Amino acid sequence: MERTYIKELKNKAGQEVSISGWVDIRRDHGKLIFIDMRDVSGKIQCVTSAKNESAYAATNELRPEWVVTIKGKVSERPEKMVNKDEENGSVELQIEEVAILGRAKELPFELKTEINIDTYLDNLPLTLRMERGRVIFKIQAHIIKAFRNFLTQEGFVEIQAPKIIGEDAEGGANSFAIEYFKHTAHLAQSPQFYKQIMVGVFEKVFATGNVYRAEKHSTTRHLNEYTSLDFEMGFIKDHTDVMAVENKMLRYIVEELEKNCEKEIAHLEANLPSVPKNIPSVKLREAQEILKKEYEIDCENAPDLEPEHERKLCEYSKEKLDSEFIFVTHFPMSKRPMYTYEDEEDIGYAKGFDLLFRGLEITTGSQRVHDYDILVEAIKKKGLDPEKFAFYLQAFKYGMPPHGGIGLGLERLTAKLLGLENVKEATLFPRDLNRIDTLLSTDKLEQK
Ligand code: AMO
């Protein structure tokens, strides 16, 4: 008999079906055994009674997480047993035959139990099967899909940027060095150079891929490997064109989640934001004035925002500007990478921005320098050697349009959209200071 996906069962009362999946929960009630079965599409309650000897004996063997095929008849539940909260709450499956496809050892804990984050991370191959994990990563898949769809519709071409690079793209210290035959290479911190180079080919490009940061922070917002959603576009007037595309893209992503993930969002009790048509934007210096006036935080002349400042600015934006998003522009050039374009009308400050959402920076973007000579000078000004950037510089040597783009942290966006406290909850297999799947032994690290 052909397999029926569990979500179809509500329309199949009276029919014989065959379903396959995992035993989610088993409950014994006197002479009845109830098995909640789970597949990728949903859940269904299956039942057998001691009266059906062979079915009862086969069902009696089953334990949580065993993988089985069950044949049986779908029946309407009696009125008072209908569970309106469940998709298949009006039906159940009367078990006739059970075939075991895969057995599971005894679980270390019940999948319904509340567990702390370390236990959750130690047991990911199992804990990701819990409803919460399944829901979070299903929504995340929709975020990436919406990012792709939106940019494709806008005429951007998807590119794959390399993850092994020679020199560190951002010229910073936070890169992992790796052995590369007889050489030292680095893991990419961003697709920055390659997306810019590809503007010279396709004008508008985007990439979704893993990037690596050798940051020794152990916080709720830092990962050592994360997914960067990047786009880069040519022929812009200035950074505000880039901000406008990001604004429109965020509206699209939220709309798509509302359309496609209603149940999942409800399960997490998450509140999706409304993304304004025009996300408010302030210069860093204006932001600092606001922090002083409204919150008595004295940070004028600081080159960047501290996490507490980001939280307060978002609070302000929500209350006073009716937006959970706020752009902060014009950071000092000294704090921005060498490819950042300086504002001719505000010398010393960048035509670049951060986007803050619900208290956290989720994006950095800017207009880029596209003139070869100016870029060489900018590299030197940062104390870097243009020779080392010769490969990247070819793009500029041979003609580039004014362009700009963004990098958006997928995990930070997911966490903030869904109200998760830690970005690790929005990362399938998080890598941090102390963990690559399993906890790293400090002894081993020291021996190396
Ligand atoms: P930046 O370094 O600001 O900019 O990174 C862009 C966005 O990536 C996310 N992010 C992180 N997420 C989790 N863990 C981390 N350790 C981490 N570091 C950064 C944040 C951040 O806003 N090349 C530029 C982008 C550009 O200008 O196009 C860049 O990478 O959400």
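What you see is a predicted model; the values in this text were computed from it and never measured.

Participant: How should I be thinking about the site of the ligand in this particular structure?
Facilitator: The environment of the ligand is made up of 22 residues, and the closest members are Gln 192, Glu 215, Glu 361, Thr 364 and Arg 368. Contacts to the ligand include Tyr 226, whose side-chain N or O atom sits 3.0 Å from an oxygen atom. Taking Arg 368, its side chain carries an N or O atom lying 2.7 Å from an oxygen atom of the ligand. Looking at the shell around the ligand, the elements with two or more residues in it are α5 (192-202), β15 (360-368) and β16 (403-409). Taken together, the residues that form the shell around the ligand break down as five nonpolar, nine polar and eight charged.

Participant: Before we go on, may I ask you to explain the domain arrangement of the chain in this structure?
Facilitator: Where interface size is given, it is often the accessible area lost as the parts come together that is meant. Under the domain assignment, the chain is made up of domain 1 (6-102) and domain 2 (120-439). Taken together, the contacts link seven residues of domain 1 with five residues of domain 2. Each partner contributes to the roughly 430 Å² buried at the junction of domain 1 and domain 2, and carbon and sulfur atoms together form 33% of this total. Viewed at the interface, domain 2 and domain 1 are joined by three salt bridges. Among the residues forming the side of domain 1 that touches domain 2, the class breakdown is two nonpolar, no polar and five charged.

Participant: Sorry if this is basic, but what is going on with the environment of Thr 364 here?
Facilitator: Mapped onto the elements, Thr 364 comes out in strand β15. Judged by relative accessible area, Thr 364 falls into the partly exposed class, the value being 34%. The spacing of Thr 364 and His 183 is 181 residues in sequence and 31 Å in space, taken between C-alpha atoms. With near-sequence residues (within four places) excluded, Thr 364 lies in contact with Arg 336, Phe 353, Asp 354, Gly 405, Ile 406 and Gly 407. Only 3.2 Å separates the side chain of Thr 364 from the side chain of Asp 354, close enough to count as a polar contact.

Participant: How should I be thinking about the packing of helix α8 (residues 284-295) against helix α9 (residues 307-321) in this particular structure?
Facilitator: Two numbers describe a pair of packed helices, the interaxial angle and the distance between the axes. Relative to each other, α8 and α9 sit at 80°, their axes nearing to 10 Å. One finds that α8 runs roughly perpendicular with respect to α9. Each of Ala 287, Ile 290, Leu 291, Glu 294 and Tyr 295 in α8 lies in contact with α9, whose residues at this interface are His 309, Lys 312, Leu 313, Glu 315, Tyr 316 and Lys 320. Among the residues making up the contact of α8 with α9, the classes are represented as six nonpolar, one polar and four charged.

Participant: How do you make sense of helix α1 (residues 53-60) when you look at a structure like this?
Facilitator: An α-helical turn contains 3.6 residues, so any two residues separated by three or four positions project in the same direction. Among all positions in α1, only Ala 55, Tyr 56 and Thr 59 are buried. One side of α1 carries all its buried residues, which in axial view fall inside an arc of 100°. Of the exposed residues in α1, the ones pointing more than 90 degrees away from its buried face are Glu 53 and Ser 54. Contacts made by the buried residues of α1 are with β1 (16-29), β2 (32-39), β3 (42-49) and β5 (91-102).

Participant: Hey, could you run me through the nonpolar core in this one?
Facilitator: Generally speaking, a soluble globular protein has its nonpolar side chains buried in company with each other. Within the largest apolar cluster, 54 residues are counted, with the highest numbers of intra-cluster contacts made by Ile 139, Leu 151, Phe 231, Met 249, Leu 417 and Leu 418. Ignoring any residue separated from it by four or fewer positions in sequence, one finds Leu 151 in contact with Phe 156, Phe 206, Phe 231, Val 245 and Met 249. Judged by nonpolar contacts, the second largest core, of 21 residues, contains Leu 9, Ile 33, Met 37 and Leu 62.

Participant: What is the right way to look at the packing of aromatic side chains in this model?
Facilitator: Aromatic ring pairs are described here by two measures, namely the spacing of the ring centres and the angle between the planes. One pass over the full model with this rule turns up nine aromatic pairs. Each ring, one from Tyr 392 and one from Phe 396, has its centre 5.0 Å from the other, and the planes form 70°; the classification is edge-to-face. Residue Tyr 392 and its partner Phe 396 are both found in helix α11 (residues 390-397); the two are separated by four residues, about one turn of the helix. Tyr 392 gets classed as buried once you look at its relative accessible area, which sits at 2%.

Here is what the cut-offs are and how they apply
- Residues numbered from 1 in each chain as written.
- Predicted model: local features only at pLDDT ≥ 70, side-chain atom pairs only at ≥ 80, totals over all residues.
- Heavy atoms only, no water.
- Near = heavy atom within 4 Å.
- Polar contact = N/O pair within 3.5 Å; in protein donor to acceptor, adjacent residues only side chain to side chain.
- Helix = DSSP H or I, 4+ residues; strand = E, 2+ residues; numbered from the N terminus.
- Nonpolar A, V, L, I, M, F, W, Y, C, P; charged D, E, K, R; others polar.
- Domains from an automatic or database assignment.
- Contact = heavy atoms within 4.5 Å.
- Buried area = accessible area lost by both parts, 1.4 Å probe.
- Salt bridge = Lys/Arg side-chain N within 4 Å of Asp/Glu carboxyl O.
- Buried < 20%, exposed > 50% of the residue type's maximum accessible area, 1.4 Å probe, protein only.
- Axes fitted to C-alpha atoms, helices over the stretch in contact; angles between N-to-C directions.
- Parallel < 35°, antiparallel > 145°, perpendicular 65-115°, else oblique.
- Arc of directions from axis to C-beta.
- Core = buried A, V, L, I, M, F, W, Y, C linked by side-chain atoms within 4.5 Å.
- Phe/Tyr/Trp six-rings, centres within 6.5 Å; stacked < 30°, edge-to-face > 60°.

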